[in-house]
Amino acid sequence: MATDRYLAADAADLVEVDYEPLAAVADPEKALAAGAPAVHPQWPDNIAFTFHQEGGDTEGAFRDAEVVVRQRITSQRLIPTAMETRGVVAEWRAGERSLTLYSSTQIPHLLRTLLAGILGMPENHLRVITPEVGGGFGSKLNVYAEEALAAFVAMRINHPVKWIESRRENFQATIHGRGHVDYFELAAKRDGTMLGLKLKLIQDLGAYHQLLTPAIPTLSVLMMPGLYNFPNISADIVGVFTNCVPTDAYRGAGRPEATHGIERMVDILAAELQMDPAAIRLKNFVPANAFPYATATGLSYDSGNYAAPLKQALDAVEYPKLREEQKRARAAGRLMGIGISTYGEICAIGPSPATPAGGWESATVKIEPTGKVTVMTGASPHGQGEETTFAQIAADELGVDIDDVLVVHGDTAVVQYGIGTFGSRGTAIGGTALYYALQDLKAKVKKFGAMLLDTQKVTLAGGTCTDEVSGKSVSFAEIAGAAYRALKLPPDTEPGLVATRFWEPPNFTFPFGAHIVVSEVDRDTGAIEIRRYIAVDDCGKIINPLIVAGQVHGGVAQGLGQALWEQAVYDDSGQLLTGELTDYAVPKAHLMPWIESSHTETPSPVNPLGVKGVGEAGTIGCSPAVVNSVVDALAPLGVRHIDMPLTPEKIWNAIQQGGRA
Amino acid sequence: MKRKITLHINAKPHTDEVEPRLLLIHYLREVVGLTGPHIGCETSICGACTVVLDGKAVKSCTMFAVQADGRQVTTIEGLAANGKLDAMQEAFWNEHALQCGFCTPGMILSAKQLLADNPHPSDAEIRHGLEGNLCRCTGYQHIVNAVRTAAGKAEA
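Keep in mind the model is a prediction, meaning the values are calculated, not measured.

1. Things to note about the domain arrangement of chain A
Residue and element names in this part refer to chain A.
Argument step 1. Under the domain assignment, chain A is made up of domain 1 (34–80 + 180–280), domain 2 (87–173), domain 3 (308–335 + 510–661) and domain 4 (352–503).
Argument step 2. Taking only C-alpha atoms, the centre of domain 1 and the centre of domain 2 are 36 Å apart.
Argument step 3. Each side of the interface is counted separately: domain 1 has ten residues, and domain 2 has twelve residues.
Argument step 4. Interface of domain 1 and domain 2: buried area, both sides summed, is about 900 Å²; carbon and sulfur atoms make up 65% of it.
Argument step 5. By the criterion of area lost to domain 2, the three top residues of domain 1 are Ile-79, Gln-210 and Leu-211, representing 45% of everything that side buries.
Argument step 6. Taken together, the links from domain 1 to domain 2 amount to zero salt bridges.
Argument step 7. Here domain 1 is connected to domain 2 by three residue pairs in polar contact (both at pLDDT 80 or more).
Argument step 8. Residue composition of the side of domain 1 that touches domain 2, grouped by class: seven nonpolar, one polar and two charged.

Structure representation (structure tokens):
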């Protein structure tokens, strides 16, 4: 503790620690090998857990198969890299025995509940405030030691304590994502009909379990059928300890890994059968008339028309002409690739039985006595624009001006309990809770309006309440005033205009889409040029197109980061080599292609807004489209698969080896 | 040994005694109380700390406050005047060029520098001009749109 960070650093320099290095293991497959160093002596095989999931008759499918393709596919370990590192300010008020904790978190309410247990404090003496949070992407969907430590120290010294994470600390102490080694086997008929899928999933857990660490690979397994009519699925997860930062939810959280695997496998099968990758997908999609569709992994896909976005994307690139161009390019010795990914995701996480801490969301709407509208949401956004989207929903439902709506979030003393924003759930669940609270209030406003107009049937629009018969109207503000002044009340009606709803979703939502990447590889340098990026995403009904576009762009950027540049690298002693932004390659403006984004809209029947969620779609759809494109470019050289990131060095080596083959 | 420095920040003089090792970003945030410039990496990669020093955009995490003694500094707080946003701020707002907003103060100042150097940039020139500012949310596309709009160029 010090009065400024320079002094604190000086003091820390005076501490001499004598470490005795222990044997370490940083690679999950090496950690499984006989004789590997044990990360925790009490679990000498480094296996934290195994998990098996099966549906249909996978062994039968493989017995009947006319063709089986197998591939080891990795989804490398990534560092989420929210631009704002974590930070905590803890203020203890000894007189009140109350603690206020400011933290850069995605889950203020869950943090408060868990902190109460950690600190042994009554929860109602704790207040968590999450002012504007500078990005999360899952990395702040956690409860971290520093949050409890700052609180503990503030109580101990009876003085406010501030801790701001450095970028180096952020890379070494905030969760990482991905970290899969997947062994896929796909059984099919020679006409391209896919029969069964097997997966052995080795999950690099890091050294400890953070909040959701072991749950992430189970999401991969749930989504491994993708958009395809797979009757037979079998998956085994091996959760492995390594001497690395724990992995946990990072944008997509298990679904990018699943999608990357299945979308690569479909392309590998198509290549094996010499089928067109678009045609093999169209042949195997769950048909549009099959919804709700029960997957072999136990899910119920809510709605979909999987061919629609693919056809829209194929039209956008003029696919047949593009394949002709590719033929000419190949004849001229150029390495041009066309990559397709058709992804599905599981969003609006999720029904409470499927989550560790409640999967509902809450909303309170207050119409103030002046007619201004305050929305309090338990979803705690950090860049997703829910302040705007939720204001739109409220303004549309109540017929008021959007500027009269204020959305408040991220303060446990102000907002009723909530879960948070993650898993593409903000609008689909939080927005739906808001929708129902608005219905309650709308009915009450109409009652007061009808009373003031001395009529039966009224409509709400344009900031006024109008008698459908006489055309007379009363302003929204007048109604609000009357509801609080309460000189007269409608029958069986209480004063005030406040409504709270907690909405429990009956199912997940399942967005989908198609991404196409046109690439060209430089034969001499291995450099990849993304010539075109087409994203057709179906996230259900769209409330704010500009915000949805922003989510798609940002998602694609993180997918491209994984496909082309990013990788957390450890040496054999467990030292993180990519320990600063100088060494970890997040996408920069000049590296990003122009994203041609469009949509199809298949409403979800799960919620009355028809929305599905879009925060993670871009990331999930992206990486297989990029890798499929580059592998397609290199296919004439005999290249069948390359693991991410597709660095020029790796591509160059593949070209050299392919050339020799 | 502390040194006395005077900086003209957003057109107002500020005189303080600071340690020579105090970084400009920490001086601006902790001493002057201007929290618009952010700290994202402390290795001059991310650009969140970008401020304008004597008319040039610089990364304030990699220079000392004493090096700015006697000089003019503009932070994001110095852009809006009389309740009216600067044209670049307005363009960022209208084009949805920010999501979490953490990179935005630096991004806007770099974008203004870019247009000062090249008033009619192509999209590729905009992207190269913003190479030194990382954004993890937007994928940069709406930022490019905003800079193009601010440059007064119609979308092709």
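Read on, since the account is not over.
2. Some thoughts on the sheet that holds strand β12 (residues 335–344) of chain A
The strands making up a sheet associate through backbone hydrogen bonding, with each pair oriented either parallel or antiparallel.
Residues and elements named next belong to chain A.
Argument step 1. Pairing in this open sheet of four strands is mixed, and the strands run β12-β20-β21-β22 from one edge to the other. Each having just a single partner strand, β12 and β22 (595–599) make up the two edges of the open sheet. Strand-to-strand twist across the sheet, computed as the mean angle between neighbouring axes with direction ignored, equals 10°.
Argument step 2. Note that strand β21 (residues 528–538) and β22 share five bridges and pair parallel. Bridging from a neighbouring strand, Asp-537 pairs with His-599 of β22.

3. Examining the packing of aromatic side chains
Residue and element names in this part refer to chain A.
Argument step 1. Under the definition given, this model contains 14 aromatic pairs over all chains.
Argument step 2. One residue, Arg-86, lies across the ring of Tyr-144, its end atom 3.8 Å from the ring centre.
Argument step 3. Here the guanidinium or amino end of Arg-425 rests over the ring plane of Phe-422, the centre of that ring lying 5.1 Å away.

4. Focus: the interface of chain A and chain B
Argument step 1. The partner chain B presents 34 residues to the 43 residues of chain A that form the contact.
Argument step 2. Interface area, chain A with chain B, both sides summed: about 3,300 Å², of which 58% is carbon and sulfur.
Argument step 3. Among the residues of chain A in contact with chain B, A:Tyr6, A:Met83 and A:Trp594 are the three that bury the most area, contributing 24% of the side total.
Argument step 4. At the surface where chain A touches chain B, the tally comes to four salt bridges.
Argument step 5. For A:Arg5, the salt bridge is made with B:Glu42, and the minimal N-O distance between the two is 3.1 Å.
Argument step 6. At the junction of chain A and chain B, the tally comes to 18 residue pairs in polar contact (both at pLDDT 80 or more).
Argument step 7. Within the residue set of the side of chain A that touches chain B, elements represented by two or more residues are α1 (5–14) and α15 (545–565) of chain A.
Argument step 8. It is α15(A) that provides the largest number of residues to the side of chain A that touches chain B, a total of nine residues.

What counts, and at which threshold
- Throughout, a residue's number is its position along its own chain's written sequence, starting from 1.
- Lettering for chains starts from A, numbering for ligands starts from 1, and both go in the order in which the items are written.
- Local features are withheld for residues below a pLDDT of 70 in this predicted model, meaning they are given only at 70 or higher, and side-chain atom pairs are given and counted only at 80 or more; totals for whole chains, interfaces and linings count all residues.
- Calculated side-chain values reflect all of the structure's heavy atoms, with hydrogen atoms and water omitted.
- What counts as a domain boundary in this text is fixed by an automatic or database domain assignment.
- Contacts: residue pairs with any heavy atoms within 4.5 Å of one another.
- Defined here as a combined quantity, buried area equals the accessible surface (1.4 Å probe) lost by two parts on assembly, summed across both.
- In what follows, salt bridge is the name for a side-chain nitrogen of Lys or Arg lying within 4 Å of a carboxyl oxygen of Asp or Glu.
- Any pair of nitrogen or oxygen atoms within 3.5 Å is treated as a polar contact; in protein, a donor-acceptor pairing is required on top of that, and neighbouring residues in sequence qualify only through side-chain atoms on both sides.
- Residues are grouped as follows: nonpolar covers Ala, Val, Leu, Ile, Met, Phe, Trp, Tyr, Cys and Pro; charged covers Asp, Glu, Lys and Arg; every other residue, Gly included, is treated as polar.
- By the convention used here, strands pair only if DSSP detects at least 2 bridges between them.
- Helix and strand labels come from DSSP, where a helix needs a run of H or I of at least four residues and a strand needs a run of E of at least two; each type is numbered from the N terminus.
- Only the stretch in contact is used when fitting a helix axis, every axis being a line fitted to C-alpha atoms; angles between N-to-C directions are given from 0 to 180 degrees.
- Two aromatic rings from Phe, Tyr or Trp, using only the six-membered ring of Trp, form a pair when their centres are within 6.5 Å; if the ring planes differ by under 30 degrees the pair is stacked, by over 60 it is edge-to-face, and anything between is tilted.
- Definition used: whenever NZ (Lys) or CZ (Arg) falls within 6 Å of the ring centre and also within 35 degrees of the ring normal, the charge is taken to sit over that ring.

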